[in-house]
Each structure stands twice: as C-alpha cells, then as structure tokens.
Amino acid sequence: MTSNTSSTDIQLDIRGAHQEIAVIRLSRVAKRNAVNDSLILALRDIFEKLPTTVRAAVIHGEGEHFCAGLDLGELEERDAGQGLHHSRMWHAALERVQFGPVPVIAALQGAVVGGGLELASACHIRVADETAFYALPEGSRGIFVGGGGSVRIPKLIGVARMTDMMLTGRVYTAQDGERAGFAQYLVPEGQAFDKAMELAARVAQNAPLTNYALMHALPRIAEQPAEQGYLTEALMAAIAQSAPEAKDRVRAFLEGRAAKVQKS
Ligand code: 1HE
C-alpha cells in the first residue's frame, strides 16, 4: 500500500499478516533524503492517517544515508517570520511521530545529521548499523536546530554533548554514538532495517495500552515532579492492568503458557 500523500519522496507500506507494521521510507536518494517542506508535511500526514490495524512503525531512509537533515536549498528563501513557522511545522510533524498512535523504530545508516537526527530523536527506538554517524552541522552553518532537537537530543545524550557537537562540529561514529545514547541497538552494516523490523514485530505483540503508556505517559512522567510522577504512574498502571488483555496475559504466565524472561 502506498500512502496518499503529496510527496513522492516518502512512501508508506503496510506489512504483516494482520497489517500491523507500517514501513515508512524516506526516498529522496539524490538529495541524501534531505527534508523539504512537502516531505515534512507528508510525514505528518502519514502519521495522522495510519490505518487502525497498525501496531508499530519502522522509519528508514533509502540509499547510503538515513537523512541529511533540512533541505538547505529551501533555507535561503525564508525571512524570520517564515523561519518561525517553518520550525513550528517541523514540531507539529515530529510531534505526530513521537506522540502518534504507535511506537516508531528508526533504522539508521550513514548520515543521521541535523534534521535527520531530530527525526530519529522523535522515534522511540533507534537501531543503527556500523556506517551510521551523527552530527549537528547547524552550528557551523550559522543556524540552530529547529525540529525539536534542543528538547529531544539532550534527553538522549545530555546538554553538554549536544553543546559540544554544535560548537565544534563533532561527528559521532556509530560505536561512540551508541555509547553516548543516540541508538539503543548497534548492528553490522546493512542490518539496521531487518533488526528494526524484528523489533517492530515484537512491539506489535504488546498490549496496545502498554504501548500507549510507554509512548504517552512515560515521557510526561519524566518531566513531572516526582510526587506527580508517582501519581500519574499509579493511574496509568491501574488503567493498563484493568484491561481484559492484561488479565489474560498474566493468567497465561501463571498457567505456564507464556514465555519466561530469558537471558539472551
Ligand atoms: C543536500 C543536502 C541538504 C545533501 N540539503 N541538499 N544538513 C547538512 O548540513 C548536511 C549536508 N549534507 C552533507 O553533509 C552530505 O551531503 C552528506 C554527508 C549527508 C552525504 O554526503 P555524500 O557525499 O554522500 O553526498 P553529497 O555529494 O554531499 O550530496 C549529494 C547531493 O545531495 C548534492 O546535490 P547535487 O545536486 O550536487 O547532486 C547535495 O547538495 C545534496 N544534499 N544534503 C540540500 N541537507 C528543522 S531544522 C534542521 C536544520 C538542519 O537540518 S541543518 C543541517 C543540514
């Protein structure tokens, strides 16, 4: 299935026996998947209109690079007011990724830079192959992040590392990036997409309310003062465990029908 978006630079495929996995592909290889206005709007539209069968999503980039960030060709044309609205447009799109209907797994290779890193940061799990590298060239291009990076990236790697990246143009390798917190998984070259699909299949089997809690409650609890966080946690826990599906899953374990936790 291909989505009904206005950009041909991004495609949506729905996969799985129950149409439960959405695969979103950035497909602008000639420009290293740089994101122009129509692409960011199409991304937003895809996440707003995902079929209700979908339980998890994978986002990846065609070619050797995940995403070269903002299409710098469009930057020249903007005045201050237009720049403000442009940034807010990115915020709205990446908000749909982070707080949309399903967990999103990014499969990363090659350049994960600028707005590409901002997009990856809005996803819930990042899987990088050994060719991945991370940078924020905004610092040396005389601009600033505008796709939510100043909020999301410090949560992954800390304010100090992000400041250093932007001040000095530092580029993190895949290995250093995994250690710093950009990606939760590091896999051999060419295997990020397959690993992301494997994880998506696993995520899609979770109770939807648990996935909802992880996407929508956990990051908000992390922002709350501890006393409020504990209350939000208790409310979310009560809602999740009261779902019939949760009771079925716990019973299945007690009756020996569900998998044990095992060392991998
Ligand atoms: C682009 C872009 C782009 C490539 N906008 N056209 N992002 C950056 O500052 C990163 C800029 N890009 C690069 O550093 C490199 O292109 C890469 C490391 C990503 C890839 O290198 P390479 O050797 O594979 O490709 P290339 O030869 O540099 O680029 C191929 C073509 O893509 C070339 O165009 P052509 O017409 O000469 O073939 C490049 O100009 C074009 N291209 N990246 C426009 N980004 C919400 S605010 C976010 C703010 C930002 O993201 S700022 C950071 C922008």
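Asks: I keep staring at the overall build of the protein chain and nothing clicks. Help me out?
Replies: The number of helices and strands found in the protein chain is 11 helices and 9 strands. By principal-axis analysis of the C-alpha atoms, the protein chain measures approximately 60 × 45 × 35 Å. Taken across its 264 residues, the protein chain has 47% of its residues classed as buried. Intrachain contacts of the protein chain at a sequence separation of at least 6 include 70% that bridge at least 24 residues. Separation between the mean location of the 27 positive side-chain charges and that of the 30 negative ones in the protein chain comes to 6 Å.

Asks: Is there a simple way to think about helix α10 (residues 226–242) in this case?
Replies: Between its first and last C-alpha atoms α10 spans 24 Å; for 17 residues at 1.5 Å apiece the expected length is 24 Å, and the two agree. Residues of α10 that are buried include every one of Gly229, Met236 and Ala240, and no others. Relative to the axis of α10, the buried residues are bounded by an arc of 35 degrees and lie together on one face. Pointing more than 90 degrees away from the buried face of α10 are the exposed residues Glu227, Tyr230, Leu231, Leu235 and Gln241.

Asks: Explanation requested: the pairing of strand β1 (residues 10–15) in the structure shown.
Replies: Consecutive residues of a regular strand have side chains that alternate between opposite faces of the sheet. The buried count for β1 comes to 5 of 6 residues, which makes it a mostly enclosed element. The pairing of β1 with strand β2 (residues 21–26) spans 6 bridges and is classified as antiparallel. Note on β2: the bridge partner recorded for Ile10 is Leu26. The turn linking β1 back onto β2 is made up of 5 residues, and Gly16 within it adopts a positive phi angle of 100 degrees.

Asks: Hey, could you run me through empty space enclosed by the protein in this one?
Replies: Leftover empty space is mapped by rolling, across the atoms, a probe with the size of a water molecule. Within the structure shown, the criterion is met by 1 cavity of 30 Å³ or more. Of the pockets and cavities examined, the largest cavity occupies roughly 40 Å³. Residue lining of the largest cavity: Leu26, Val35, Leu39, Ile40, Leu43, Trp90, Leu94, Gly115 and Leu119, and that is the complete set. Those elements that place two or more of their residues in the lining of the largest cavity are α1 (37–48), α3 (80–98) and α4 (115–122).

Asks: Where do I start with the nonpolar core in this structure?
Replies: One recurring pattern in soluble globular proteins: nonpolar side chains tend to sit buried together. Ranked by internal contacts, the top residues of the largest apolar core, which has 50 residues, are Ile24, Leu43, Phe47 and Tyr134. In terms of nonpolar packing, the next biggest core, distinct from the first, is built from 17 residues, Val23, Ala56, Ile125 and Phe193 among them.

Asks: Would you explain the pairing of β2 in this entry?
Replies: Burial of β2 is extensive: 6 of the 6 residues sit out of reach of the surface. The alternating pattern of β2 places Ile21, Val23 and Arg25 on one face and Ala22, Ile24 and Leu26 on the opposite face, and all of these are buried. Here β2 runs beside strand β3 (residues 56–61); their pairing, made up of 6 bridges, is parallel. For Ala22, the partnering residue across the bridge sits in β3 and is Ala57. The parallel pair β2 and β3, bridged by α1, forms a crossover whose chirality is right-handed.

Asks: Looking at this structure, how should I read the site of the ligand?
Replies: In the vicinity of the ligand there are 22 residues, among which Lys31, Ala68, Leu70, Gly115 and Arg141 approach most closely. Here a nitrogen atom of the ligand sits 2.7 Å away from a polar atom, N or O, in the main chain of Ala68. Contact distances for the ligand include 2.9 Å between a nitrogen atom and a backbone N or O atom of Leu72. Of all the secondary-structure elements, those providing two or more residues to the shell around the ligand are β5 (111–113) and α4.

Asks: I keep staring at the pattern of salt bridges and nothing clicks. Help me out?
Replies: Pairing is possible between side chains that carry opposite charge, provided their charged atoms lie close to one another. For the structure on display, the rule yields 14 salt bridges. Here Asp37 makes a salt bridge to Arg78, at a shortest N to O gap of 3.6 Å. With Asp37 in helix α1 and Arg78 in the loop between α2 (72–75) and α3, this residue pair connects regions lying 41 residues apart in the sequence. Residue Arg179 is joined to Asp176 by a salt bridge in which the shortest nitrogen-to-oxygen separation is 2.8 Å. Remark: Asp176 and Arg179 occur in helix α7 (residues 174–180); sequence separation between them is 3 residues, near one turn of the helix.

Criteria and cut-off values
Residues numbered from 1 in each chain as written. Predicted model: local features only at pLDDT ≥ 70, side-chain atom pairs only at ≥ 80, totals over all residues. Heavy atoms only, no water. Helix = DSSP H or I, 4+ residues; strand = E, 2+ residues; numbered from the N terminus. Buried < 20%, exposed > 50% of the residue type's maximum accessible area, 1.4 Å probe, protein only. Contact = heavy atoms within 4.5 Å. Lys, Arg positive; Asp, Glu negative; His and termini not counted. Charge placed at Lys NZ, Arg CZ, Asp CG, Glu CD. Expected span 1.5 Å × (residues − 1). Arc of directions from axis to C-beta. Pairing = 2+ DSSP bridges. 1 Å grid on protein atoms, 1.4 Å probe; cavity = no way out; pocket = protein on both sides within 12 Å on 5 of 7 lines; lining within 4 Å. Points joined across faces, edges and corners; volume = space filled by probe spheres on them. Core = buried A, V, L, I, M, F, W, Y, C linked by side-chain atoms within 4.5 Å. Right-handed = clockwise from strand over helix to strand, strands pointing away. Near = heavy atom within 4 Å. Polar contact = N/O pair within 3.5 Å; in protein donor to acceptor, adjacent residues only side chain to side chain. Salt bridge = Lys/Arg side-chain N within 4 Å of Asp/Glu carboxyl O.

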